[in-house]
Amino acid sequence: MKRIYNFSAGPATLPEEVLKQASEEMLNYKDSGMSVMEMSHRSKLYQAIIDEAEADLRKILNMPDNYKVLFVQGGATLQFAMIPMNLSKNKVYDFIHTGQWTKAARREAEIYGTVNVIASSEDKNFTYIPNLDNLSYSKDADYVYICENNTIFGTKYKKYPDVGNRILINDMSSCFLSEPIDVSKFGVIFAGAQKNVGPAGVAIVIVRDDLLENPTLPGTPTLMNYKVFAEKGSMHNTPPTYTIYICGLVFKWIIANGGLEGIQKRNEKKAALLYDYLDKSKMFKGTVEKDSRSLMNVCFKTDSEELDKLFVEEAKKVGLENLKGHRSVGGMRASIYNAMPLAGVEALVKFMAEFESKHL
Ligand SMILES: *Cc1c(COP(=O)(O)O)cnc(C)c1O
């Protein structure tokens, strides 16, 4: 059996060690005679799985005790609504607009209140992160909202806006656990699992506990109330049990690979290899301003749409798959999340060089 190098933006490649362990435990988890999929979420055995996943995540992020970890279904997209439902006082929200995902979050927030866009990179098709100095925050804003890594456009914040004592919300879906972060800077961090930490089916939400005391908006369903998730250990109803189990295995894989410092080193090395090649290449060009480049989603183009198309087709023939860029950018995108091995990026760069010498 040959596995491909899968450059998909999500659902994305997972660590092979994790998939192997899951397959070994598939029919019989720890002598229970069952798969984790078949297990009651109220059993001791499953409680240990979710508790350990949370404990490992806290350890990886060096998470302060005044933060809660919630496992929520509905993906990152449901958070676009849950955040205003749970954190509204004045129903005014400040947004830094950096692409499709802040656009989608903004549309959802507008159902509940008023969005003020305090900075945007829309003028250059989101190829950079806006200047964060001297932002004028709304006086009565409930929070400031950012998306740290813009999966579609391939940009990433290199520092955070200085929001003072305002609440900062961060959609980290496509860069979660890719490098160390200071959790205490944020009111809420959230991430859909399927980019960097597991299969689709769960979003990990990290919320500062004082925010749980804020009353939810009228009409908020029970299953969209952060406090219910916090009080019930994410088990008011049946959680996505198997997805959480796999996330837990990925957390252990991160710890075994040097924690976030180790993961960051790997990620920087992979991204540097690809960007260095793009900077030298006469055929391929990175689409993003250099100081805004993502370590996770690398977007690039040739100056011909036909060549781009041919590149994606030819790459697929040699086991380098899912390199087509998002339709709003065109060209190519290589998503090189934590689980993409260095060998995958080396194979991609080698193939790009061959393609270039053949077609230039
Ligand atoms: C993929 C993605 C989302 C949407 O995630 P779903 O889990 O499909 O809802 C939101 N934000 C970012 C940054 C993403 O990359």
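Residues numbered from 1 in each chain as written. Predicted model: local features only at pLDDT ≥ 70, side-chain atom pairs only at ≥ 80, totals over all residues. Heavy atoms only, no water.

**Some points on the overall build of the protein**
What counts is decided by this rule: Helix and strand definitions here come from DSSP, where helices need a minimum of 4 consecutive H or I residues and strands a minimum of 2 consecutive E residues; each element is numbered from the N-terminal end. Both definitions apply: the radius of gyration is a C-alpha atom measure, and the globule rule equals 2.2 Å times residues to the power 0.38. Partly exposed describes any residue whose relative accessible area lies between the buried limit of under 20% and the exposed limit of over 50%, with all areas from a 1.4 Å probe on protein chains only and scaled to the type maximum. Throughout, a contact is declared for two residues whenever any of their heavy atoms are within 4.5 Å. Charge assignment: positive for Lys and Arg, negative for Asp and Glu; neither His nor the chain ends contribute. By convention, the charge on Lys lies at NZ, on Arg at CZ, on Asp at CG and on Glu at CD.
Counting secondary structure elements, the protein contains 10 helices and 14 strands. Since a compact globule built from 360 residues should have a radius of gyration of about 21 Å, the 21 Å found for the protein is in line with a globular shape. Across its three principal directions, the C-alpha atoms of the protein cover 60 × 60 × 30 Å. For the protein, the proportion of its 360 residues judged to be buried stands at 56%. Put simply, 68% of the contacts in the protein that link residues at least 6 apart link residues at least 24 apart. In the protein, which carries 44 positive and 44 negative side-chain charges, the distance between the mean positions of the two groups comes to 2 Å.

**Focus on the pattern of salt bridges**
Applied cut-off: Salt-bridge detection follows one rule: a side-chain nitrogen of Lys or Arg within 4 Å of a carboxyl oxygen of Asp or Glu.
Taken as a whole and assessed by the stated rule, the structure comprises 18 salt bridges. Between lysine 185 and aspartate 182 there is a salt bridge; the shortest N-O distance is 3.9 Å. Here lysine 185 falls in the partly exposed class, since its relative accessible area comes to 43%. Residue class for aspartate 182 comes out partly exposed when judged on its relative accessible area of 38%. With a closest N to O distance of 3.6 Å, glutamate 354 and lysine 350 form a salt bridge. On the criterion of helical spacing, the pair formed by glutamate 354 and lysine 350 is a turn pair, its members being 4 residues apart in helix α10 (residues 342–359).

**Here's the deal with the sheet that holds strand β11 (residues 285–286)**
Convention followed: In short, DSSP must find at least two bridges between two strands for them to pair. Interaxial angle, 0 to 180 degrees, is taken between N-to-C directions of lines fitted to C-alpha atoms, where a helix line uses only the stretch in contact.
Taken in spatial order, the 3 strands make up an open sheet running β11-β12-β14, and their pairing is antiparallel. Strands with a single pairing partner mark the edges of an open sheet, and in this sheet they are β11 and β14 (332–335). Alignment of β11 against strand β12 (residues 297–301), held across 2 bridges, turns out to be antiparallel. Looking at β12, one finds that lysine 285 is bridged to lysine 301. Sheet contacts for helix α8 (residues 259–280): β11, β12 and β14; angle to β12, the most-contacted strand, approximately 15°.

**Thoughts on the site of the ligand**
What counts here: Throughout, near means a residue has at least one heavy atom within 4 Å of the molecule or strand. Any pair of nitrogen or oxygen atoms within 3.5 Å is treated as a polar contact; in protein, a donor-acceptor pairing is required on top of that, and neighbouring residues in sequence qualify only through side-chain atoms on both sides. Per-residue and other accessible areas were derived by the Shrake-Rupley procedure at a 1.4 Å probe size, with only the shown protein chains allowed to occlude residues.
In the vicinity of the ligand, 13 residues are found, and the nearest of them are Thr77, Thr151, Asp171, Gln194 and Lys195. Here an oxygen atom of the ligand and a side-chain polar atom of threonine 77 are 2.5 Å apart. Within the complex, 87% of the 390 Å² of free accessible area of the ligand lies under protein. Of all the secondary structure elements, the ones that give two or more residues to the shell around the ligand are α3 (75–87) and α5 (193–196).

**A look at the packing of α8 against α10**
Our working rule: When an angle is under 35 degrees it counts as roughly parallel; over 145 it counts as roughly antiparallel; between 65 and 115 it counts as roughly perpendicular; any other value is oblique. The classification used treats Ala, Val, Leu, Ile, Met, Phe, Trp, Tyr, Cys and Pro as nonpolar, Asp, Glu, Lys and Arg as charged, and all other residues, Gly among them, as polar.
α10 packs onto α8 with a crossing angle of 10° between their chain directions and a minimal axis gap of 9 Å. Classed by the angle they form, the pair α8 and α10 counts as roughly parallel. Residues Lys269, Lys270, Leu273, Leu274, Tyr277 and Leu278 of α8 touch α10, and the partners they reach there are Leu342, Val345, Glu346, Leu348, Val349, Met352, Ala353 and Glu356. Here the contact of α8 with α10 is composed, by residue class, of 10 nonpolar, no polar and 4 charged.

**Here we look at helix α2 (residues 44–61)**
Our working rule: Between the first and last residue of a helix there are one fewer steps than residues, each counted as 1.5 Å, and that sum is the expected span. Relevant arc is that of directions from the helix axis to the C-beta atoms, nothing else.
With 18 residues, α2 should cover 26 Å at 1.5 Å per step; its first-to-last C-alpha distance of 26 Å lies within 8% of that length. Taken residue by residue, α2 has Tyr46, Ile49, Ile50, Ala53, Asp56, Leu57, Ile60 and Leu61 as its buried positions. Take α2 and look down its axis: the buried residues cluster within an arc of 125°, on one side only. When the buried face of α2 is taken as reference, the exposed residues oriented beyond 90 degrees from it are Lys44 and Lys59. Elements that come into contact with the buried residues of α2 comprise β2 (67–72), β10 (203–208), α7 (241–256) and α8.

**Focus on the nonpolar core**
Rules: As used here, the term nonpolar core means buried Ala, Val, Leu, Ile, Met, Phe, Trp, Tyr and Cys residues forming a set that is joined through side-chain atoms within 4.5 Å. Domain start and stop positions are those given by an automatic or database domain assignment.
Within the largest apolar cluster, 87 residues are counted, with the highest numbers of intra-cluster contacts made by Leu61, Phe176, Leu177, Phe284 and Phe311. Examining the composition of this core, we find that 10 residues originate from one element, α7, more than from any other. Two domains share this core, each providing at least three of its residues, namely domain 1 (5–15 + 258–359) and domain 2 (21–256). Those residues within four positions of leucine 177 in sequence are excluded, and the remaining contacts are Leu57, Ile60, Leu61, Asn196, Val197, Phe251, Ile254, Leu260, Ile263 and Asn338. Within the second largest apolar cluster, 28 residues are counted, among which are Ala76, Ala81, Tyr145 and Ala230.

**Some remarks on the domain arrangement of the protein**
As a reminder of what qualifies: As a working definition, buried area equals the accessible area (1.4 Å probe) given up by two parts on being put together, with both sides summed.
If you check the domain split of the protein, you get domain 1 (5–15 + 258–359) and domain 2 (21–256). Look at where the C-alpha atoms of domain 1 and domain 2 centre, and you get two points 26 Å apart. Every contact between the two is made by 33 residues of domain 1 and, on the other side, 35 residues of domain 2. Taken over both partners, the interface formed by domain 1 and domain 2 buries close to 2,600 Å², and the fraction arising from carbon and sulfur atoms is 57%. At the surface where domain 1 touches domain 2, the tally comes to 1 salt bridge. The partner of lysine 124 in a salt bridge is glutamate 289, with the nearest N and O atoms 3.8 Å apart. Put simply, domain 1 and domain 2 have 16 residue pairs in polar contact (both at pLDDT 80 or more) between them.

**Here we look at the pairing of strand β5 (residues 143–147)**
Counting buried residues in β5 gives 5 out of 5 residues, a clear majority hidden from the surface. As paired strands, strand β3 (residues 92–97) and β5 are joined by 3 bridges and run parallel to one another. Paired with phenylalanine 95 across the strands is tyrosine 145, a residue of β5. Pairing between β5 and strand β8 (residues 168–171): 4 bridges, direction parallel. Looking across to β8, one finds that tyrosine 145 is bridged to isoleucine 169.

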